[in-house]
Number of protein chains: 2
Amino acid sequence: MKLQQLRYIWEVAHHDLNVSATAQSLYTSQPGISKQIRLLEDELGVEVFARSGKHLTRVTPAGESILEKAGEILRKVETIKQVAQEFSNERAGTLTIAATHSLARYALPPVIRAFRERYPEVRLRMYQGGPMQIAEMAADGGVDFAVATEGLELFGDLVAMPCFWWSPTLLVPASHPLVGRTPSLEEIAEYPLVTYMLGHGGRARLDDAFMHHGIAPDVVFTATDSEVIKTYVRLGTGVGIISEMAYDSVVDRDLVTVDVSRLFSPSVAMIGARYGTFVRAYMFDFIETFAPHLTRELVEQAFLRRNRSELVELFSELELPRHADRLAAVGEVAGRPG
Amino acid sequence: MKLQQLRYIWEVAHHDLNVSATAQSLYTSQPGISKQIRLLEDELGVEVFARSGKHLTRVTPAGESILEKAGEILRKVETIKQVAQEFSNERAGTLTIAATHSLARYALPPVIRAFRERYPEVRLRMYQGGPMQIAEMAADGGVDFAVATEGLELFGDLVAMPCFWWSPTLLVPASHPLVGRTPSLEEIAEYPLVTYMLGHGGRARLDDAFMHHGIAPDVVFTATDSEVIKTYVRLGTGVGIISEMAYDSVVDRDLVTVDVSRLFSPSVAMIGARYGTFVRAYMFDFIETFAPHLTRELVEQAFLRRNRSELVELFSELELPRHADRLAAVGEVAGRPG
DNA sequence: CCCCATTACGTAGCACGTAACAATG
DNA sequence: CATTGTTACGTGCTACGTAATGGGG
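For every chain, the first residue of the written sequence is number 1, and numbering continues from 1 along that sequence. For this description, chains carry letters from A and ligands carry numbers from 1, given in the order in which they are written. Selection of residues for local features in this predicted model requires a pLDDT of at least 70, selection of side-chain atom pairs for listing and counting requires 80 or more, and totals for whole chains, interfaces and linings are taken over all residues. Heavy atoms from the whole structure form the basis of all side-chain values; hydrogens and water molecules are not counted.

Peer 1: Tell me about the nonpolar core, and please be specific about residues and values.
Peer 2: Of all hydrophobic cores here, the largest spans 53 residues; its most connected members are Leu6(A), Ile9(A), Phe49(A), Leu6(B), Ile9(B) and Phe49(B). Here a residue-residue contact requires only that any non-hydrogen atoms of the pair lie within 4.5 Å. The contact partners of Phe49(A), leaving out residues within four places of it in the chain, are Ile9(A), Val12(A), Ala13(A), Leu17(A), Ile37(A), Glu41(A), Leu56(A), Arg58(A), Val59(A), Thr60(A) and Leu67(A). To define a nonpolar core, start from buried Ala, Val, Leu, Ile, Met, Phe, Trp, Tyr and Cys residues and group those joined through side-chain atoms within 4.5 Å. Three labels apply to residues, based on accessible area from a 1.4 Å probe with only protein chains included: buried if under 20% of the type maximum, exposed if over 50%, partly exposed otherwise in between.

Peer 1: Could you give me a rundown of the side chain of Asp252(A), with the residues and numbers involved?
Peer 2: Residue and element names in this part refer to chain A. Examined against the element boundaries, Asp-252 turns out to sit in the loop between strand E10 (239–243) and strand E11 (255–258). Taking the relative accessible area as the measure of exposure, Asp-252 reaches 1% and is therefore buried. Those residues in contact with Asp-252 that sit more than four places away from it in its chain are Lys-230, Arg-234, Ala-246 and Tyr-247. Runs of H or I in DSSP of at least four residues are treated as helices and runs of E of at least two as strands, each being numbered from the N terminus.

Peer 1: Before we move on, could you go through the protein's contact with DNA strand D and cite the residues and values that matter?
Peer 2: What surrounds DNA strand D is a group of 23 residues, the closest being Ser20(A), Gln30(A), Ser34(A), Lys54(A) and Thr28(B). A breakdown of the atoms of DNA strand D within 4 Å of the protein gives sugar and phosphate a share of 71%. A distance of 3.4 Å separates a phosphate oxygen of DNA strand D from a polar atom in the backbone of Leu17(A). Where the surface near DNA strand D is concerned, the elements lending two or more residues are helix H2 (19–25) and helix H3 (30–44) of chain A together with helix H1 (3–13) and helix H3 (30–44) of chain B. Here the surface near DNA strand D gets four residues from one element, more than from any other, and that element is H3(A). Put simply, Ala, Val, Leu, Ile, Met, Phe, Trp, Tyr, Cys and Pro go in the nonpolar bin, Asp, Glu, Lys and Arg in the charged bin, and everything else, Gly too, in the polar bin. Residue composition of the surface near DNA strand D, by class: six nonpolar, 12 polar and five charged. Proximity is defined per residue: if any heavy atom of the residue lies within 4 Å of a molecule or strand, that residue is considered near it. Pairing of N or O atoms within 3.5 Å defines a polar contact, subject to two protein rules: one partner must be a possible hydrogen donor and the other a possible acceptor, and residues neighboring in sequence count only if both atoms are side-chain atoms.

Peer 1: Before we move on, can you summarise the relation of the copies chain B and chain A with the specific residues and values?
Peer 2: Think of it as a corkscrew move, a rotation about one axis and a shift along it, taking one chain copy to the other. Least squares is the method used to superpose the copies, on C-alpha atoms of residues holding a pLDDT of at least 70 in both. Mapping chain B onto chain A is achieved by rotating through 179° and translating by 0.0 Å along the same axis, at an RMSD of 0.1 Å. Both copies of the chain, as the preceding transformation shows, are related through a two-fold rotation axis. Relative to the rotation axis, the C-alpha of Ile73(B) is the closest in chain B, positioned 2.7 Å from it. Here 100% of the interface residues in chain B have copies in chain A that are interface residues too; the copies meet face to matching face.

Peer 1: Give me the lowdown on the interface of chain B and chain A, citing residues and values where you can.
Peer 2: Counting residues at the interface gives 24 residues for chain B, matched by 24 residues for chain A. Buried area: the sum, over both parts, of the accessible surface (1.4 Å probe) that disappears when the two are put together. Across the chain B/chain A interface, buried area totals approximately 2,200 Å², and carbon plus sulfur atoms make up 84% of it. Contact with chain A buries area across many residues of chain B, yet Met1(B), Lys76(B) and Ile80(B) alone supply 26% of it, more than any other trio. The partner of Lys76(B) in a salt bridge is Glu72(A), and the shortest N-O contact between them spans 2.9 Å. Connecting chain B to chain A are two residue pairs in polar contact (both at pLDDT 80 or more). Looking at the side of chain B that touches chain A, the elements with two or more residues in it are H1 and helix H4 (61–88) of chain B. The element best represented in the side of chain B that touches chain A is H4(B), accounting for 17 residues. Salt bridge criterion: a side-chain nitrogen from Lys or Arg within 4 Å of a carboxyl oxygen from Asp or Glu.

Peer 1: For the sheet that holds strand E12 (residues 267–274) of chain A, give the residues involved together with the corresponding values.
Peer 2: Residue and element names in this part refer to chain A. A pair of strands is considered paired only if DSSP assigns at least 2 bridges between the two. In space, the five strands of this open sheet follow the order E4-E3-E5-E12-E6, with mixed pairing throughout. Edge strands, defined here as strands with exactly one partner in the open sheet, are strand E4 (122–128) and strand E6 (158–166). Adjacent strand axes in the sheet meet at a mean angle of 20° when their direction is disregarded. Pairing between E6 and E12: eight bridges, direction antiparallel. Of the residues in E12, the one forming a bridge with Phe-164 is Ala-269. Against the sheet, helix H11 (residues 296–304) engages E6 and E12, with an angle of about 135° to E6. As a rule, the C-alpha atoms of each element are fitted with a line to give its axis, helices using only the stretch in contact, and angles between N-to-C directions run from 0 to 180 degrees.

Set out below in structure tokens:
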């Protein structure tokens, strides 16, 4: 049994059982992979993949089990590499982060900027995607951290650590009648709404609030991207509800925010990492820069809590900062366009 | 990084950093191992072993960490092989057991005999050693099961499952004045004692009982082997205290047992297995043959309980059989000498 | 002075690539 | 018929063994 063989079956299983595609993504030849898989199967005496003729159709029951172990092994191999790097040069290495749109666009930039300055030898790699997508990346070991407001708690393999809370804010053109008022849910619902798609930007909490009051707002447009929402608010399509993170008083000075935080329950931005991840010194530092209350000690504790309730207990005594206050601490809003 | 390289560093670390000895035990050449270790260290950029001149002197801090992960990886590789075998032929495979002298000699034979009959395709391998030694073998992944009365609970990596309890018995020549009596501790202590060495056969419990009554018995001979004790009892050196398991009414008909079970707290024979072991179907069967109350279901439960107290709770409601009663169930005393 | 790890070197095996082939949808 | 996996085959690398070298205790 060779590590490569395990790598191959794992990769094939994560490429829809398409050996050709796998070969491409690994920059190797397709027959090579085929053969190694065969060799492994011969050695083990079990087929990992079921074939119909010349196509891999599905994973056998034995394969399920083997692939799971193979994944664990491969992740441990990565851990060994991390450990080695940590000892050889604790300031060099790789950090991969997956984040949702809003967090990647509005919350992470200043942190990333500071991090790059402090750790120029760390190769940074970022991905952006939907909550489920990035949570899965973290759970699979594809990225070190997932940064999202929702979804992380659905993956049992992830340690989810709360970073800060933020509220939705109402966004209207400067001339809008709601400017300067403190509207109720009913008043808001009199206008067409432009906001996030379900599963993005805390949309669920908006729906909860309206539903709880028996109100059915007229949502005329939904998007995953706050900038798109702003654009439609500017066009007069309706009033927007976006994350407070997404409003920039300079760039968006033609729009006005109306405080509606008391109407909706706040959302909590989280960092998620796979249990068993070897956390490098600079990773602890990254987390602490993003969420100063998440000290190295606390994070280490978190990784030892193996179930959700223990984690909740660990963090229950923390007073989470609000996004707006946190900004001041970081000192600037980096990543602002133009 | 290759699996062999991980195997090599792990083996070297477990052979007192002696590469030559390691090479011999692995039936390979010593330069081969040396080179592979070097290659691994070069690739990782860290030394696993510290050298003084041409000798491996100790494991580096980085090495500690790496070796630990390497061990986990190698065990998972074994698991994959087990899984594969389970699916290809659930009646073939390997079972390795380490047991203490008494259990190997008196408790296991009928179980082993039955097992061999039922699973002729399973290659059985047994080791005998002291409690600590065998517990360590199980914890290292060298054997599937450790069978012992003590020591298993000291290894956090082991699931310890209670199998049956047994008491010490007093053993005297047929003509001895204690025959037919139910002596007190004081009366026993009037005679020279021949019994187990500390750490063997529940000796600790004997000492506890005497100490608790403020009695200092005259222990004239200690051994790890019940047969040795019997021999000295026959010679008239003193009265023996051995495990009830070790007395055979046929072979030992020249000796007489005196019930002293009410004087000492009973010992519990345990099976220990490493957490994370992949338990094959025949292994479940083996356990259940040895200890009928340890059903597959219960054993699976046990492997999910990650700490001692949860384990104790799981087993607290069981009524453990006594060795003597258990014998009847198995039906015969196999392994009795000619 | 013995033991042991490293270096040097030759070889056999194997992983991987290219090309041709077969089977599936 | 296009896509995909398997078979065939050649080659370059490398793991491993033997022999020689050099340091330590």
